[in-house]
Amino acid sequence: MKSDLVQQITLYKYRYIAGFGVLFLLLFVVVIWQFWTLPDGLSAGEMTAATAAGHFSFSKVFSETVNLPWTILEWLSIKILGASTFAFRLPAVILMILSAGGLILLLKKWSRDNIAVISGFLTVTSVLFISLSRSGTPAVMTTFLVVMILLSALTIIRSIERFGEDNEKNQTRRTWRTLLAKITLSVALALLCYQAAGVYLVAMFVVMGVLHPKTRLIFIKSKLWKIIVGALTGLVVMTPLVLGFITGGLVVVKQWLMVDGTWSWGQLSTNLSTMFGLEIGFVGGFITPVVTLVSLIIVLLGLMKTITDFFSARSYLVLPFLVITLTLAVWRVELVYLLFVPLTLLTAVGIETLVHEWYSLFPRNPYARLLAVVILTALVFGLVWAQLARFSLSQNYDVSVIDSYNQEYSAARTVISQEKDAVTLVVRPDQQKLYQILQYEFPFLTVTTESKKDSRNIILDSARINSADIPTKIITNSHSKNAVLLRIY
């Protein structure tokens, strides 16, 4: 009897290790599972990013500076693995695994372990997270850099707060940890400036740092030479961006600030409804609405708690962050991915509020506490299942989502990889740069906008080029409408 009790207590000590272990296992499964075929095809954003990365060279580093960090990373992936959907999305898979790990660590430092585990399960199975992890677009780099900034800033604050409590050996470790966090913070802020609309987030982080008493005190107490080194590091990293503005002019600046285009109050209302309404849609490469109804209730609960604790450190972070990202997303709905991190933080606050309020009602009743565990477990597993099912059903059955992915590229690449002699790929003029990437991998390929006589022609159906000849093969997909992808002559 006694040994059983001792064993139960021992296992209870490792409950969080087991919880985090299962969480990270789920993270890897959700992100890696057939990411090169699910979603099937390339979104418009992925094709644009792949075109920029496929034609990138360091001689153009000063003329193509917007989203440069992502472009270089995807260019490396293409160089190593070839111009395939796998290569286009692999950087997103890696960065989102790191981002999720950083967010979980951030929540662990920010709250209790049980809240971090619960929030982590809801985060890694959210539709927005899964969409980001399978989207070969610069949005993933922006998300990763934001997480690194928040994690580095929190590490600096916590290290300095606990510096006097440690012995000499631990103080040395904290000093090096703080130095690494400061370097990471400087570089991440500088790199975020390259991302489209990233300068707004950088400005917000700077203002938050100035207004928050702890970060302001840390800056004031920092040695002058450290501040100068950090500023110079950031300026060096941003040199290509500055030179890009000089050479590119107003066009590059507008692209960077994302101020081009028109808007109206009706459009803003539509964008807000798209992000948080009930009808499934597809905007900017992401399934909308970005949260389920139950998740939205938890987020709103966290928002109310954050507002009531207005002067807390968490409110200094979450409220300005939510305001700026929500404003940008409503202004340009394709920036909806910016809401991922603030929604995750508000979800953690909402879960923490639920647990705290229930326990405060029954502070000494063990049965009520056990009931809370059962209810919360059912809620979390129900939400996890609902979010995974929503993503799967949307990708497989929702027309607005399925039709937003172009399957011609993957089909063309598969056919070309089976060829050995010269072949001509016929595309629309606006598609030519994208498909020219394949010429680096297949030297016998020619990409044109018109079919050639005395040549084996592969004509994309979207090219809308008719031929009097009878095709030797037609490649189709499983769609009920517009099923033809390629015609081979």
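Note: the structure precedes this text.
Here the structure is a predicted model, which means the values were calculated and not measured. (Residues numbered from 1 in each chain as written. Predicted model: local features only at pLDDT ≥ 70, side-chain atom pairs only at ≥ 80, totals over all residues. Heavy atoms only, no water.)

Draft legend 1. Summary view of the overall build of the chain. When you go through the chain residue by residue, the secondary structure sums to 23 helices and seven strands. For the chain, the spread of C-alpha atoms along the principal axes amounts to about 85 × 60 × 50 Å. Counting all 489 residues of the chain, 48% fall into the buried class. Taking contacts inside the chain between residues at least 6 apart in sequence as the whole, the part at least 24 apart equals 72%. For the chain, the exposed area adds up to about 25100 Å²; of that, 67% sits on carbon and sulfur atoms. Computed over 40 positive and 27 negative side-chain charges, the separation of the two mean positions in the chain equals 11 Å. (Helix = DSSP H or I, 4+ residues; strand = E, 2+ residues; numbered from the N terminus. Buried < 20%, exposed > 50% of the residue type's maximum accessible area, 1.4 Å probe, protein only. Contact = heavy atoms within 4.5 Å. Areas by Shrake-Rupley, 256 points an atom, 1.4 Å probe, with all protein chains shown as cover. Lys, Arg positive; Asp, Glu negative; His and termini not counted. Charge placed at Lys NZ, Arg CZ, Asp CG, Glu CD.)

Draft legend 2. Molecular detail of the nonpolar core. Ranked by size, the top nonpolar core spans 142 residues in total, and within it F205, L345, L425 and Y435 carry the most contacts. Among the elements that make up this core, the one with the highest residue count is helix α8 (residues 139-161) (14 residues). When residues no more than four places from it in sequence are discounted, the contact partners of Y435 are E408, Y409, A412, L425, V427, L445, V447 and L460. (Core = buried A, V, L, I, M, F, W, Y, C linked by side-chain atoms within 4.5 Å.)

Draft legend 3. Spatial organisation of the environment of G45. Position of G45 relative to the elements: it lies in helix α3 (residues 44-54). Note on G45: relative accessible area 34%, which makes it partly exposed.

Draft legend 4. Geometry of the pattern of salt bridges. On inspection of all chains with the given rule, the structure shows nine salt bridges. Across the pair E334 and R332 runs a salt bridge, and its minimum N-O distance is 2.8 Å. With relative accessibility at 28%, the residue E334 sits in the partly exposed group. Note on R332: relative accessible area 16%, which makes it buried. A salt bridge links R464 to D461; the shortest N-O distance between them is 3.1 Å. Judged by relative accessible area, which is 18%, D461 ranks as buried. What you see here is one network of salt bridges that share partners, running through D461, R464 and R487. (Salt bridge = Lys/Arg side-chain N within 4 Å of Asp/Glu carboxyl O.)

Draft legend 5. Expanded view of a nonpolar patch on the surface. A grouping of W36, L76, I80, L81 and F86 is seen on the molecular surface, where their side chains present a nonpolar patch of about 470 Å² in accessible area. The element that contributes the greatest number of residues to the nonpolar patch is helix α4 (residues 68-81), accounting for three residues. Along the chain, the position of I80 falls in helix α4. Residue I80 is classed as exposed on the basis of its relative accessible area of 68%. (Patch = residues over 30% accessible without salt bridge, like charges linked within 9 Å, V, L, I, M, F, W, Y side chains within 5 Å.)

Nothing here speaks to function; it is geometry throughout.
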